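Report on the structure
These are the residues of each chain, in order.
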Amino acid sequence: VSATPGAPAAEAPATEAPPDEIQAAERALLESLRERRLAIEAREAEAAQREMLLAAAERRLAQRIEQLGTLQQRLESETAAQDERTEQRLRQLVRLYEAMRPRDASAIFNDLDMEVLLPVLARMREARAAPILAAMQPDRARQATTELARLRARLAPSP
């Protein structure tokens, strides 16, 4: 640099750091970036691990749902078969009592539990049930009629 007479000599800019400080700052920056990269890679690996665990859990859950669906179908099938067997037994009882003389059937109905009597009465033809109810003890016939009305009200479709 040539100095002009009377002008002060140009000095090196004050913002430049010595080369050792620049290298140290670069090393610190590179180290910081490396640490950040390692942290990001660790988070990515952790996220990938979580995704694998979630996928495995979803597969197990899907298998369990499928098993439960199969069990539900089997249970519904068995329940329907049981309901059909119960209905068949009740129809047999109805045929039996409808074939009996009203006085004989009423003697049995007087002592039957309501849980048995009501389903049988509900399935009987009215023309066959009426003489049996008429021959029953009055209090028992009244109770059976009241319970039968309640049962039919519960079973009737709602408007």
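Check the entry above for the structure.
Now for a look at the structure at hand.

Calculation rules
- Sequence order as written defines residue numbering, which begins from 1 separately in each chain.
- Totals for whole chains, interfaces and linings use all residues, but because this is a predicted model, local features are given only for residues with pLDDT of at least 70 and pairs of side-chain atoms are given and counted only at 80 or more.
- Based on all heavy atoms of the structure, the side-chain values leave hydrogens and waters out of the count.
- The numbering of helices and of strands both runs from the N terminus, where a helix is a DSSP run of H or I of at least 4 residues and a strand a run of E of at least 2.
- We call a residue buried when its accessible area falls under 20% of the maximum for its residue type, exposed when it is over 50%, and partly exposed in between, using a 1.4 Å probe and counting protein chains only.
- The contact rule is simple, with two residues in contact once any of their heavy atoms fall within 4.5 Å.
- Per-residue and other accessible areas were derived by the Shrake-Rupley procedure at a 1.4 Å probe size, with only the shown protein chains allowed to occlude residues.
- Within this document, salt bridges are pairs made up of a side-chain nitrogen of Lys or Arg and a carboxyl oxygen of Asp or Glu, the two lying within 4 Å of each other.
- The axes are straight lines fitted to the C-alpha atoms, using for helices just the contacting stretch, and the angles between their N-to-C directions are given from 0 to 180°.
- An angle counts as roughly parallel when it lies under 35 degrees, as roughly antiparallel when it exceeds 145, as roughly perpendicular when it falls between 65 and 115, and as oblique in every other case.
- For a crossing to be left-handed, the near helix must be turned anticlockwise from the far one by less than a right angle; the clockwise case is right-handed.
- Put simply, Ala, Val, Leu, Ile, Met, Phe, Trp, Tyr, Cys and Pro go in the nonpolar bin, Asp, Glu, Lys and Arg in the charged bin, and everything else, Gly too, in the polar bin.
- Stacked, tilted and edge-to-face are the three classes assigned to paired rings of Phe, Tyr and Trp, where Trp is represented by its six-membered ring and a pair needs centres within 6.5 Å; plane angles under 30 degrees give stacked, over 60 edge-to-face, the rest tilted.
- The term nonpolar core refers to a set of buried residues drawn from Ala, Val, Leu, Ile, Met, Phe, Trp, Tyr and Cys, joined through side-chain atoms within 4.5 Å.
- In the analysis that follows, any N or O atom pair within 3.5 Å is treated as a polar contact, provided that within protein one partner can donate a hydrogen and the other can accept it, and provided that, for residues neighboring in sequence, both atoms belong to side chains.

1. Quick look at the overall build of the protein chain
Of regular secondary structure, the protein chain possesses five helices and zero strands. Each helix and strand of the protein chain, placed in order from N terminus to C terminus, yields the pattern α-α-α-α-α. Scored against the burial criterion, the 159 residues of the protein chain give a buried share of 16%. Restricting to contacts in the protein chain with at least 6 residues of sequence separation, those with at least 24 account for 65%. Entry remark: accessible area of the protein chain is about 13,000 Å², with carbon and sulfur atoms responsible for 56%.

2. Regarding the pattern of salt bridges
According to the stated counting rule, one finds 10 salt bridges in the structure shown. Among the ionic pairs, R34 bridges to E31, the shortest N-O distance being 2.9 Å. Of the two residues, R34 and E31 both sit in helix α1 (residues 19–99), three residues apart, roughly one turn of that helix. Taking the shortest distance from any N to any O, the salt bridge between R74 and E78 comes out at 3.7 Å.

3. Remarks on the packing of helix α3 (residues 114–123) against helix α5 (residues 138–155)
Packing of α3 against α5 leaves a shortest axis separation of 10 Å and a crossing angle of 70 degrees. Relative to α5, α3 is oriented roughly perpendicular. α3 and α5 meet at a crossing whose hand is right-handed. Within the contact between the two elements, α3 uses M114, L117, L118, L121 and A122 and α5 uses R140, Q143, A144, E147, L148, L151 and R152. Split into classes, the residues belonging to the contact of α3 with α5 amount to eight nonpolar, one polar and three charged.

4. A short note on the packing of aromatic side chains
Enumeration over the complete set of coordinates arrives at one aromatic pair. With centroids separated by 4.8 Å and ring planes inclined at 70 degrees, the aromatic side chains of Y97 and F109 adopt a geometry described as edge-to-face. Pair noted here: Y97 is in helix α1 and F109 is in helix α2 (residues 102–109), with a separation of 12 residues, a long-range link. The same class applies to Y97 and to F109, which are both buried.

5. Brief notes about the packing of α1 against α3
Taken N-terminus to C-terminus, the directions of α1 and α3 make an angle of 75 degrees; their axes are 9 Å apart at the nearest point. With respect to α3, the axis of α1 lies roughly perpendicular. Across from E87, L90, L93, V94 and Y97 in α1, the residues of α3 making contact are P119, V120 and R123. A per-class count over the contact of α1 with α3 returns six nonpolar, no polar and two charged.

6. So, the nonpolar core
Counting 19 residues, the largest nonpolar core has Y97, F109, L117, V120, L121 and M124 as the members making the most contacts within it. At the level of secondary structure, the elements contributing two or more residues to this core comprise α1, α2, α3, α4 (126–135) and α5. The dominant element in this core, judged by the number of residues it contributes, is α3, at five residues. Excluding its chain neighbours within four sequence positions, the residues that come into contact with F109 are Y97, L117, V120, L121, M124, I132, M136 and R140.

7. Focus: the side chain of S106
The topology assignment puts S106 in helix α2. Reaching out from S106, the side chain makes a polar contact with the backbone oxygen of R103 at a distance of 2.8 Å. Contact partners of S106, with chain neighbours within four places excluded, come to I132, A135 and M136.

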